[in-house]
Amino acid sequence: MAASYLFHGGRVLDPRRDTLAEGIEVLTEGDRIKEVADRPISAAAAARIDLKGRTLMPGLIDAHIHLLLAEVNLHLLDGVPLTLLAAKGAASAKAMLMRGFTTVRDTGGADFGIKLALETGLFEGPRLFISGAPISQTGGHGDFRLRTQTAFECACCSGVAFAARVADGVPEVLKAVRDELRKGADQIKLMVSGGVASQADPLESLQFRIDEIEAAVEEATRWGRYVCAHAYAAEAVGRAVAAGVRTIEHGNLIDAPTAQLMAERGAYLVPTLVTYDAMRRRGPDYGMSAYSLEKNQIVLEAGLRSLELARAAGVKIGFGTDLLGPLQDDHCREFLIRAEIMRPIDIVRSATIVNAEIVRQPGRLGEIAPGAFADLLVVDGDPLGDLGLFQDQGAHLPAIMKGGVFVKNAL
Ligand SMILES: [Zn+2]
């Protein structure tokens, strides 16, 4: 018989309510939540877990991470062998899980191999939704050739192969999208504006023509998938959303009319504020160039304002972080940064029910409800009163369950 657990004696953080609920019992069976009740549940076969006043909440979801981009200066991936990259990815996945993230969406880099390793338990980590290699135009945010290079060197044996691929014009974009779908992408990632890590493109540059973006969206949609797009400038965001892009990654430089358009189209914004903060503080230690740091400062200063504009327009706001390699230990500072302008419950909603919609698993992930996966955290206190409980690499999470199995249990 499948393992069954009955959580009792604590409070429940249901992201659909504004406050913690007392007196709720939660029964899991196998990999799912079987019953949630405001009275004692009788389940003789279940192991009883006494929360002793602690908080039970759904596992967190991060909608913008990179498991395999192990360097802050992405050019340095060129020297990283794939075996080392996979080993680093395994360590990174485990650390994310131990911080309470039971699901993550990789927005560039992770492939079906690492997804399979996680699904089969060879690597311990969160559920993973992959983009494969992000698609960039020549000279765009994902073109990591040096200016002295014309040809693409064979990158099949180094980490740079995972960072991006280049396609120009509708036929090449179609082929790249189809190829990533063939390789199992859960969503397609396009680079539609300049970025911080790339060395050749101005931040405000508008990348890909409209017809290229539309072609990618149409192709992904016919396959039952969707497009997420890296974009900073308001115009870059606007043209992507108008072309049917479903989630905008970063979006730091949006303006009010663009936020309005996103709300009308039902597009999601996935801010990744902590990465700019971490790159400013620690990027120079890891080989970030002066040009990257200069671009970083611009998006850093605009970050909270973009969140404010999106919220005012009613845009659905997801939770992302985008930290590269060694910066990932700053993961949960994202909660603290957002708390400057958002209520803790709204931040938690972003990281649970909204992100569950983003990965297209509403009702299955990000909530405590019958039929949902038993992805659960036990928190040493009330996270709505103290977001510090998410800090310190999971130290304040005495138990973490993924798919009905305890991956940590110090209760
Ligand atoms: Zn990213």
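Computed from a predicted model, the values in this text were never measured in an experiment. (Residues numbered from 1 in each chain as written. Predicted model: local features only at pLDDT ≥ 70, side-chain atom pairs only at ≥ 80, totals over all residues.)

**Quick look at the overall build of the protein chain**
In step 1: Within the protein chain one finds 11 helices and 20 strands.
In step 2: Expressed along its principal axes, the backbone C-alpha trace of the protein chain runs to roughly 70 × 45 × 45 Å.
In step 3: For the protein chain, the residues scored as buried account for 53% of the 411 residues in total.
In step 4: Sequence separation of at least 24 residues holds for 70% of the intrachain contacts in the protein chain that already meet a minimum separation of 6. (Helix = DSSP H or I, 4+ residues; strand = E, 2+ residues; numbered from the N terminus. Buried ≥ 20, exposed ≤ 12 C-beta atoms within 10 Å, placed from the backbone. Contact = placed C-beta atoms within 7 Å.)

**With respect to the pairing of strand β1 (residues 4-8)**
In step 1: Alignment of β1 against strand β4 (residues 25-29), held across 4 bridges, turns out to be antiparallel. For Ser-4, the partnering residue across the bridge sits in β4 and is Glu-29. (Pairing = 2+ DSSP bridges.)

**Let's talk about the sheet that holds strand β10 (residues 127-129)**
In step 1: Pairing is parallel across the open sheet formed by 3 strands, whose spatial order is β8-β9-β10. Each of the sheet's edge strands pairs with one partner strand only, and the pair in question is β8 (60-65) and β10. Averaged over all adjacent pairs, the angle separating strand axes in this sheet is 20 degrees, with direction ignored.
In step 2: The strands touched by helix α11 (residues 344-358) within the sheet are β8 and β9 (101-106), with β8 carrying the most contacts at an inclination of about 55 degrees. (Axes fitted to C-alpha atoms, helices over the stretch in contact; angles between N-to-C directions.)

**Here's the deal with the domain arrangement of the protein chain**
In step 1: On domain assignment, one finds that the protein chain holds domain 1 (4-58 + 367-409) and domain 2 (60-358).
In step 2: The straight-line distance from the C-alpha centre of domain 1 to that of domain 2 is 30 Å.
In step 3: In this complex, domain 1 contributes 20 residues to the contact, which on the side of domain 2 involves 20 residues.
In step 4: Listed by contribution, the elements that provide at least two residues to the side of domain 1 that touches domain 2 are β19 (399-402) and β20 (405-409).
In step 5: Within the side of domain 1 that touches domain 2, the residues separate by chemical class into 11 nonpolar, 3 polar and 6 charged. (Domains from an automatic or database assignment. Nonpolar A, V, L, I, M, F, W, Y, C, P; charged D, E, K, R; others polar.)

**Focus on the packing of helix α6 (residues 234-242) against helix α7 (residues 256-265)**
In step 1: In contact at an axis separation of 9 Å, α6 and α7 are set at 20 degrees when each is read in the N-to-C sense. Accordingly, the angle class assigned to the pair α6 and α7 is roughly parallel. In the crossing of α6 with α7, the sense of the turn from one axis to the other is left-handed. Between α6 and α7, the residues in contact are Ala-234, Val-237, Gly-238 and Val-241 and Thr-258, Leu-261, Met-262 and Arg-265, respectively. (Parallel < 35°, antiparallel > 145°, perpendicular 65-115°, else oblique. Left-handed = near helix turned anticlockwise from the far one by under 90°.)

**A word on the sheet that holds β4**
Two pairing modes exist for strands in a sheet, parallel and antiparallel, and in both the strands are linked by backbone hydrogen bonds.
In step 1: Read across the open sheet, the 4 strands follow the order β5-β4-β1-β6; overall the sheet is mixed. Taken across any chain shown, the strands that pair with only one partner, and hence form the sheet edges, are β5 (32-37) and β6 (47-50). Neighbouring strand axes in the sheet, compared pairwise and without regard to direction, differ in orientation by 20 degrees on average.

**Here's the deal with the pairing of β19**
In step 1: The two faces of β19 match: Ala-399 and Met-401 on one face and Ile-400 and Lys-402 on the other face are all buried.
In step 2: As paired elements, strand β18 (residues 376-379) and β19 share 3 bridges and run antiparallel to each other. Bridge pairing links Leu-377 to Ile-400 in β19.

**Examining helix α5 (residues 210-222)**
An α-helix turns once per 3.6 residues; consequently, residues spaced three or four apart project the same way.
In step 1: Between the first and last C-alpha of α5 there are 18 Å, a value that for 13 residues agrees with the 18 Å anticipated at 1.5 Å per step.
In step 2: Next to the buried residues of α5 lie α4 (169-182), β13 (188-191), β14 (227-233) and α6.
In step 3: Looking at the residues trailing α5, positive phi occurs at Gly-224, about 80 degrees. (Expected span 1.5 Å × (residues − 1).)

**Description of the environment of Gln-187**
In step 1: Relative to the elements of secondary structure, Gln-187 occurs in the loop between α4 and β13.
In step 2: Residues Gln-187 and Leu-387 lie 200 residues apart in sequence; the distance between their C-alpha atoms is 30 Å.

**Description of helix α9 (residues 290-313)**
In step 1: Taking 1.5 Å per residue, 24 residues should reach 34 Å; α9 reaches 35 Å between its end C-alpha atoms and fits that length.
In step 2: Of all the bends found along α9, the most pronounced is centred on Gly-303 and spans about 40 degrees.
In step 3: Every buried residue belonging to α9 is among Ser-292, Lys-295, Asn-296, Val-299, Gly-303, Ser-306, Leu-307, Leu-309 and Ala-310, and all of these are buried.
In step 4: Positive backbone phi, at 85 degrees, marks Gly-314, one or two positions downstream of α9. (Bend = angle between axes of the 7 residues up to and from the residue.)

**Things to note about unusual backbone geometry**
In step 1: Backbone geometry at Lys-52 places phi at a positive 50 degrees, although glycine is not the residue there.
In step 2: Checked against the element boundaries, Lys-52 lands in the loop between β6 and β7 (55-58).
In step 3: For Asp-322, which is not glycine, the phi torsion reads 65 degrees and is therefore positive.
In step 4: Relative to the helices and strands, Asp-322 resides in the loop between β17 (316-317) and α10 (333-338).

**Brief notes about the nonpolar core**
In step 1: One finds Leu-190, Ala-216, Ala-240, Val-245 and Ile-248 to be the most contacted residues of the largest nonpolar core, which totals 125 residues.
In step 2: Broken down by element, this core gets its largest block of residues, 7 residues, from α11.
In step 3: When residues of this core are assigned to domains, at least three fall in each of domain 1 (4-58 + 367-409) and domain 2 (60-358). (Core = buried A, V, L, I, M, F, W, Y, C linked by C-beta atoms within 7 Å.)

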